[in-house]
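Below are the chains, spelled out letter by letter.
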Amino acid sequence: MAANGTSGQERSGAATVAGLVRAQWGDHRVGAKYEDLVLTHHQLAGGAAARAALLEELLPRGAEPHLGVLLGNVPEYPLWLSAAALAGAAVAGINPTRRGPELARDISHTDCALLITERAQLPLLAGLDLPIPPRRILVVDDPAYRDLLGPYEGATPDGITAGGRGHGATRTPGPASRMLLYFTSGSTGAPKAALCTQGRLAAAGHSLARYFGVRRDDVHYLCMPMFHGNAVIAGWAPALAGGAAVALRRRFSASAFLPDVRRYGATYFTYVGRAVQYLLATPPAPDDRDHTLRCGFGTEAGAVDAARFAERFGVRLTEGYGSSEGGASIQRTPDTPPGAIGRAAPGDDLAVVDPETGVELPRARLDPAGRLLNGGEATGELVNRGRSSFEGYWRNPEATAARTRGRGEGRAGAGWYWTGDLFFRDTEGFFHFAGRTDDRLRVDSENLAAAVIENILARYAPAAGAAVYAVPDPVAGDQVMAALALRDGAAFDPDGFVAFLAAQPDLGTKMAPRFVRTLDALPVTATHKVHRAALRRTGFRCPEPVWWSPVTSAGPAGSTYRRFTAADRAALLALYRDHDRAHLLDR
C-alpha cells in the first residue's frame, strides 16, 4: 500500500463504512483535528481497530451488538463510529439534553450493551436504572479507560473485519449491517430510533462527496451534535468517503465559529435549524470573509438567512432535504431557484399530495419575486411513490408501518413513503419546503403552512428570527401565533408591524398573526431546531410580552395590535371554557 493510503478510486468503491475505515490505514495525512490534538487517517483507523477489538471482548454473547455513545463532539465519537463499523456493530446516538427516565428509556430501548461516555455526562446517569453493568460503561477521559484499551493497541482494521479476536458477539460487516440507531427529534411522544445500515451510510457519503466535490485536502467542520444524523450522515460520512479530514467542536458556538474555521482551515460545514441565524446574530466584523470556507450544507436556514449569510461571509449555503430515515431525498441542481430545495433525487418519484386522500395537488404559482400565490391549494405532504431507502425504526413496528401504510379508510398511497413534511412544487418541478405536518394551521377553514408565514415574517427587520405555530381558536380551528426574537436594541412597534404586514403582497388574508410574542431568543431543541412543542404548549400563556389583534375586534387579524393584558387573558380563557375548548390549550 502506498504511504498516503488507499487510492481515491479504491475508497470510492467501498460499499460499507468498514471498507472506508480500512482505506484510512496507511494514510499518514491529517485526518482529524480537535483543539491541540491532531490525528492522521492511519491513527484513526488504528484507534478504531483497537476499540473494535475491545468491543468484541466486552459484548456478551447473544446481546444485540449495540453501543450507546453519550459524548460531546470529541475524537472518541468518530473513533467509536469507526470501531462499530469494523466490528459489525451499531451506534445509538444518545442525546445529552434528555434527562432522568427519558434518558434511561433511550438507552434501554436501543438495547445498548455498552455505553461510551465521559466524566461531564456522568451526573446525567446518576441514580438511573440502566440495563448496563458498570464494567460496560466506559468513561473515555478516565485513566482506567486507557488501561482497558492498552492490550488492543496493536489491532489492525483488516484483523477485525477478517473475523476479529473476540467470542463472536459482533458480526462480519456487510452493506446490510446495522450501523446507526439515531433518534428522530419529534416534537411529541417518545423519540423513534431510525435505522441506518452500513450500505446506506456509505452510499450517502459517496453521494455527498461527489456532489460537493470533496477533495482530500478538505476539512469538514463538525459543530452540530454527532448524536444527530446531520453531523454524521452529511458531515463525517462524506469526509470519510472523500478522504478529507474532520475538525471537531465539542458543542456549537456562534462566537467560536469563525475562529475555529480559521484555526483548522475548514472548508465545509453542516448546519440544522437556527445555527445560521445564531451566526448572523454575531457582531459583523471587517474580516468576516477572511476564512477558508467554501460551502455549508443543511436544512431550515430559510432563503432570507441563506442570502444574508452569503452576502456577509461569502459562503454559499446549500439547502438539502433528506431525513435520518432515508425515505425521500431532494437534490439541489444548478438551476434551482432561490427559496427552493431542488428536484427529486434519481430514482425517487416524489409528489405533493393531500395528506388525507393521497391525491396529487396542483402546482404552486409564484410571482416574479418568488412569492407563493396559491399556498392553500398547492401545499400538502411530500411522499415518495418510488423506491425508498427507509429501513424502519428499531422495535417500533407501528411507527414503521405508519410511514408506508397509506392514509384514510381506503389506505390511499399504501406502499409510498410518507415523509410527514409539508411541501409545494412549482410549475418547473422544483420542491419548496413548507414545514412539518404538525406545523399546519387551519384558520377559518383554510389550511396554512407555518413555514410559508415564517418566510414572510423573516423580512421584518427588527426581528432576528421568527417562529409561527398554531394556538386553538376558542370556537373552531386555529389562530396564528408568531414568536419574534428581536435584535439587540430593537423594540416591537405595533403600528410599524401592521404597516409591515400590509406591505407584504404574498401575505394571505388568513396568515397575519393573531398573537405576537416577543422574546430575546427562540427556544430550540438540542439540534438547534425551533422548539415548537414548547411554544405551542405555552401559547399566549407565557411570561414574555404578547401583543394581539383581539378576536372580538371589527378588523381581521393584523389590522391592529395592542398589549395582551391579564384581563384579556381571563376573558379569552372564559371564552374557551364556554365552548368546551380549554383542554386544547394543553395539547
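Residues numbered from 1 in each chain as written. Predicted model: local features only at pLDDT ≥ 70, side-chain atom pairs only at ≥ 80, totals over all residues. Heavy atoms only, no water.

Draft legend 1. Inspection of the nonpolar core at higher detail. Ranked by internal contacts, the top residues of the largest apolar core, which has 98 residues, are Leu-67, Leu-81, Leu-201 and Phe-257. Filtering out sequence-adjacent residues up to four positions away, Leu-81 remains in contact with Val-91, Met-179, Leu-180, Tyr-182, Met-226, Val-232 and Trp-236. (Core = buried A, V, L, I, M, F, W, Y, C linked by side-chain atoms within 4.5 Å. Buried < 20%, exposed > 50% of the residue type's maximum accessible area, 1.4 Å probe, protein only. Contact = heavy atoms within 4.5 Å.)

Draft legend 2. Local environment of the packing of helix α9 (residues 198–211) against helix α10 (residues 229–242). The N-to-C vectors of α9 and α10 enclose an angle of 75°; their axes lie 7 Å apart at closest approach. Between α9 and α10, the crossing angle belongs to the class labelled roughly perpendicular. Only Val-232, Ile-233, Ala-234, Trp-236, Ala-237, Pro-238, Ala-241 and Gly-242 of α10 make contact with α9, whose side of the interface consists of Leu-201, Ala-204, Gly-205, His-206, Leu-208 and Ala-209. Tallied by class, the residues present in the contact of α9 with α10 amount to 11 nonpolar, 3 polar and no charged. (Axes fitted to C-alpha atoms, helices over the stretch in contact; angles between N-to-C directions. Helix = DSSP H or I, 4+ residues; strand = E, 2+ residues; numbered from the N terminus. Parallel < 35°, antiparallel > 145°, perpendicular 65-115°, else oblique. Nonpolar A, V, L, I, M, F, W, Y, C, P; charged D, E, K, R; others polar.)

Draft legend 3. Unusual backbone geometry, seen in detail. Non-glycine residue Glu-35 carries a positive phi angle of around 50°. For Glu-35, the location among the structural elements is in the loop between β1 (30–34) and β2 (37–40). The backbone of His-528 sits at a positive phi, close to 65°, despite the residue not being glycine. Structurally, His-528 is set in the loop between β25 (515–519) and α18 (532–538).

Draft legend 4. Structural view of the side chain of Arg-425. Mapping Arg-425 onto the fold places it in strand β19 (residues 417–425). The side chain of Arg-425 sits in the buried core without any salt bridge; Glu-360 is the nearest counter-charge, 4.0 Å away. Here Leu-350 takes part through its backbone oxygen, which lies 3.4 Å from a polar atom of the side chain of Arg-425. Here the side chain of Arg-425 touches Gly-429 through a polar contact of 3.4 Å, landing on its backbone oxygen. (Lys, Arg positive; Asp, Glu negative; His and termini not counted. Salt bridge = Lys/Arg side-chain N within 4 Å of Asp/Glu carboxyl O. Polar contact = N/O pair within 3.5 Å; in protein donor to acceptor, adjacent residues only side chain to side chain.)

Draft legend 5. Quick look at the state of the cysteines. Throughout the structure, instances matching the rule amount to 0 disulfides. Of all cysteine sulfurs in the structure, the one in Cys-112 sits closest to Cys-196, which takes part in no disulfide; the separation is 16 Å. Overall, Cys-196 belongs to the buried group, its relative accessible area being 3%. With no disulfide of its own, Cys-295 lies closest to Cys-223 among cysteine sulfurs, the gap being 13 Å. (Disulfide = S-S within 2.5 Å.)

Draft legend 6. View of the packing of aromatic side chains. What the rule picks out here adds up to 27 aromatic pairs. Consider the rings of Phe-515 and Trp-548, whose centres lie 5.8 Å apart with planes at 15°: the pair is stacked. Of this pair, Phe-515 sits in strand β25 while Trp-548 sits in strand β26 (residues 546–548); the two residues are 33 residues apart in sequence, bridging distant segments of the chain. You can call Phe-515 buried: its relative accessible area is 1%. Looking at Trp-548, the relative accessible area reads 4%, which means it is buried. Note on Phe-515 and Phe-564: the rings are 5.8 Å apart at their centroids and 85° apart in plane angle, and the pair reads as edge-to-face. In this pair, Phe-515 is assigned in strand β25 and Phe-564 in the loop between β27 (562–563) and α19 (566–578), connecting sequence segments 49 residues apart. The ring of Phe-430 carries the charged tip of Arg-343 above its face, separated from the ring centre by 4.0 Å. Seen from the ring of Trp-547, Arg-563 lies directly overhead, with NZ or CZ sitting 5.3 Å from the centre. (Phe/Tyr/Trp six-rings, centres within 6.5 Å; stacked < 30°, edge-to-face > 60°. Lys NZ or Arg CZ within 6 Å of the ring centre and 35° of its normal.)

Draft legend 7. Representation of the side chain of His-66. Looking at the element boundaries, His-66 is found in strand β3 (residues 66–70). Take His-66: its relative accessible area is 0%, and that puts it in the buried class. A polar side-chain atom of His-66 sits 2.7 Å from a polar atom in the side chain of Arg-178. Not counting chain neighbours up to four residues away, the residues in contact with His-66 comprise Leu-59, Ala-90, Thr-110, Asp-111, Cys-112, Ala-113, Leu-114, Arg-178, Leu-181 and Trp-394.

Draft legend 8. Geometry of the sheet that holds strand β18 (residues 380–384). As summarised here, the arrangement of the 4 strands in space is β17-β18-β19-β20, forming an open sheet in which the pairing is antiparallel. Here the strands that pair on one side only, and so sit at the sheet edges, are β17 (350–353) and β20 (431–436). Across this sheet, the average inter-strand angle for adjacent strands is 50°, counted without regard to direction. Alignment of β17 against β18, held across 4 bridges, turns out to be antiparallel. By the bridge assignment, Leu-350 is partnered in β18 with Asn-384. Packing of helix α16 (residues 450–457) onto the sheet brings it into contact with β19 and β20, and relative to β20 it is tilted by some 105°. (Pairing = 2+ DSSP bridges.)

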